[in-house]
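Chain by chain, the residues:
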Amino acid sequence: MKKLILAAASIAALAMIGPATAQSPIIIKFSHVVASDTPKGKGSEKFKELAEKYTNGKVKVELYPNSQLYKDKEEVEALQLGTVQMLAPSLAKFGPLGVREFEVFDLPYIFSSPNALHAVTRGPIGKDLLAKLDAKGITGLAYWDNGLKIMSANKPLKTPDDMLGLKMRIQSSKVLEAQMKAYGAVPQVIAFSEVYQALQTGVVDGTENPPSNMYTQKMHEVQKYAAITNHGYIGYAVIVNKKFWDGLPADIRDQLTKAMNDATEYTNSIAQKENDDAFAAMKKSGKTDFHVLTDAERKAWVDASKPVWKEMSSRVGQDLIDQILKVSATTN
Ligand code: LMR
């Protein structure tokens, strides 16, 4: 009898373990194009850690950094097809998806300060922009910072006049195309994973990047000069396949939302330091000569940038530009 009870108990125990072990975790493939040692790389690692913790292992996040899985354009297509679930493309890469308004973030010198930028991304303007992704089968979850771009080339750069005729790599943004043309340069869209080689082989003469991207892709080894123009911003929208997101059990979605909120706070708290450290490391390497602009030189960049706002107003929306300028004017 005792044996029978024991046998029944172990069958019952097995039955309980059975379905639990058979239940495989929900997989989130998170693909991106930068190195792990960057604000976005570290932010995605933080999200993985917290998502797996908050869901008690019911969700597993697989990270694919450095264009390992997809390059710039392919990753957005893959998200829509559902072959990856999560991405964090730069805001300059949403135009080809048909949401051109995001390119407003590329307008040179549009944000008066980091606080002004954050008032936009964390306020109603940022929220409305993310909502525009819904129609594309995408849910926007958060904005992550990288930093301000510096201009680099293989010849000294002090003012926009020095850009005349230079072939410059850009992201796939029409605003960046107009910006480079306004400076007299010849823009060329190249996927991020191919920039180092394009610079090394002379396919292009220069590019623009925040220090963290420049350093982690070793671009400083193939760019002799850079000017600290801080003319534009690179940041990201973290996005997820809408069908996948809406199909998650509500409790899991809540836990993932919390993981994303915490990871966002973390990413945005380290971004500036990541860029400062990368800049210090590049300076120390001595491979690139970094020029600090005088006030007059800075004014020349600002003045050369202004026509771009007007030229691109119909693309990104004059209303949106005005709203951002209003927020900027009232935020210090
Ligand atoms: C670039 O292509 O230069 C950036 O968008 C890369 C990135 O994701 O920061």
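Our structure's up above, just so we're on the same page.
Below: a short report on this structure.

### A word on the overall build of the chain
Alright, step 1. Counting secondary structure elements, the chain contains 13 helices and 11 strands.
Alright, step 2. Projected onto its principal axes, the C-alpha coordinates of the chain cover approximately 95 × 45 × 35 Å.
Alright, step 3. Among the 332 residues that make up the chain, the fraction classed as buried is 50%.
Alright, step 4. Long-range contacts, defined here as pairs at least 24 residues apart, represent 76% of the contacts in the chain between residues at least 6 apart.
Alright, step 5. For the chain, the computed accessible surface area is about 15,500 Å², with 55% contributed by carbon and sulfur atoms.
Alright, step 6. For the chain, the separation between the mean place of its 41 positive charges and that of its 37 negative charges on side chains is 4 Å.

### Section: the site of the ligand
Alright, step 1. Close contacts around the ligand come from V33, V34, K40, S90, K93, R169, Q171, F192, N209, N213 and Y236, and that covers them all.
Alright, step 2. K40 places a polar side-chain atom, nitrogen or oxygen, 2.7 Å from an oxygen atom of the ligand.
Alright, step 3. Within the contact set of the ligand, an oxygen atom lies 3.5 Å away from a side-chain nitrogen or oxygen of S90.
Alright, step 4. Summarising the interface, the protein chains cover 100% of the accessible area of the ligand, which totals 270 Å² for the free molecule.
Alright, step 5. Considered class by class, the residues forming the shell around the ligand number 4 nonpolar, 4 polar and 3 charged.

### Observations concerning the sheet that holds strand 3 (residues 86-87)
Alright, step 1. The 5 strands are arranged 2-1-3-10-4 in an open sheet whose pairing can be described as mixed. If you trace the sheet from one side to the other, it starts and ends with strand 2 (59-64) and strand 4 (138-148), each paired once.
Alright, step 2. As paired elements, strand 1 (residues 26-31) and strand 3 share 2 bridges and run parallel to each other. Following the sheet pairing, S31 is matched in strand 3 by L87.
Alright, step 3. Sitting on the sheet, helix 5 (residues 124-131) is in contact with strand 4 and strand 10 (233-241), with an inclination near 130 degrees to strand 4.

### What to know about the pairing of strand 2
Each regular strand displays side chains that alternate between the two surfaces of the sheet.
Alright, step 1. Here strand 1 pairs with strand 2 via 6 bridges, running parallel. The residue bridging I27 from the neighbouring strand is K60, located in strand 2.
Alright, step 2. Crossover handedness for the path strand 1 to helix 2 (residues 39-54) to strand 2: right-handed.

### What about the environment of L256?
Alright, step 1. Along the chain, L256 turns up in helix 10 (residues 250-285).
Alright, step 2. Assessed through its relative accessible area of 0%, L256 is described here as buried.
Alright, step 3. Taking the C-alpha atoms as reference, L256 lies 9.6 Å from K48; in sequence the two are 208 residues apart.
Alright, step 4. Apart from the residues within four sequence positions on either side, L256 is in contact with I28, F47, A51, T55, V59, W245 and L248.

### A look at the nonpolar core
Alright, step 1. Counting residues in hydrophobic clusters, the biggest one holds 37 residues, and the most contacted among them are F30, F47, M86, W144, V238 and L256.
Alright, step 2. Of all the elements in the fold, those that place two or more residues in this core are strand 1, helix 2, strand 2, strand 4, helix 7 (195-200), strand 10 and helix 10.
Alright, step 3. In this structure, V76, V104, A237 and L320 belong to the second largest nonpolar core, which totals 36 residues.

Basis of the calculations
Residues numbered from 1 in each chain as written. Predicted model: local features only at pLDDT ≥ 70, side-chain atom pairs only at ≥ 80, totals over all residues. Heavy atoms only, no water. Helix = DSSP H or I, 4+ residues; strand = E, 2+ residues; numbered from the N terminus. Buried < 20%, exposed > 50% of the residue type's maximum accessible area, 1.4 Å probe, protein only. Contact = heavy atoms within 4.5 Å. Areas by Shrake-Rupley, 256 points an atom, 1.4 Å probe, with all protein chains shown as cover. Lys, Arg positive; Asp, Glu negative; His and termini not counted. Charge placed at Lys NZ, Arg CZ, Asp CG, Glu CD. Near = heavy atom within 4 Å. Polar contact = N/O pair within 3.5 Å; in protein donor to acceptor, adjacent residues only side chain to side chain. Nonpolar A, V, L, I, M, F, W, Y, C, P; charged D, E, K, R; others polar. Pairing = 2+ DSSP bridges. Axes fitted to C-alpha atoms, helices over the stretch in contact; angles between N-to-C directions. Right-handed = clockwise from strand over helix to strand, strands pointing away. Core = buried A, V, L, I, M, F, W, Y, C linked by side-chain atoms within 4.5 Å.

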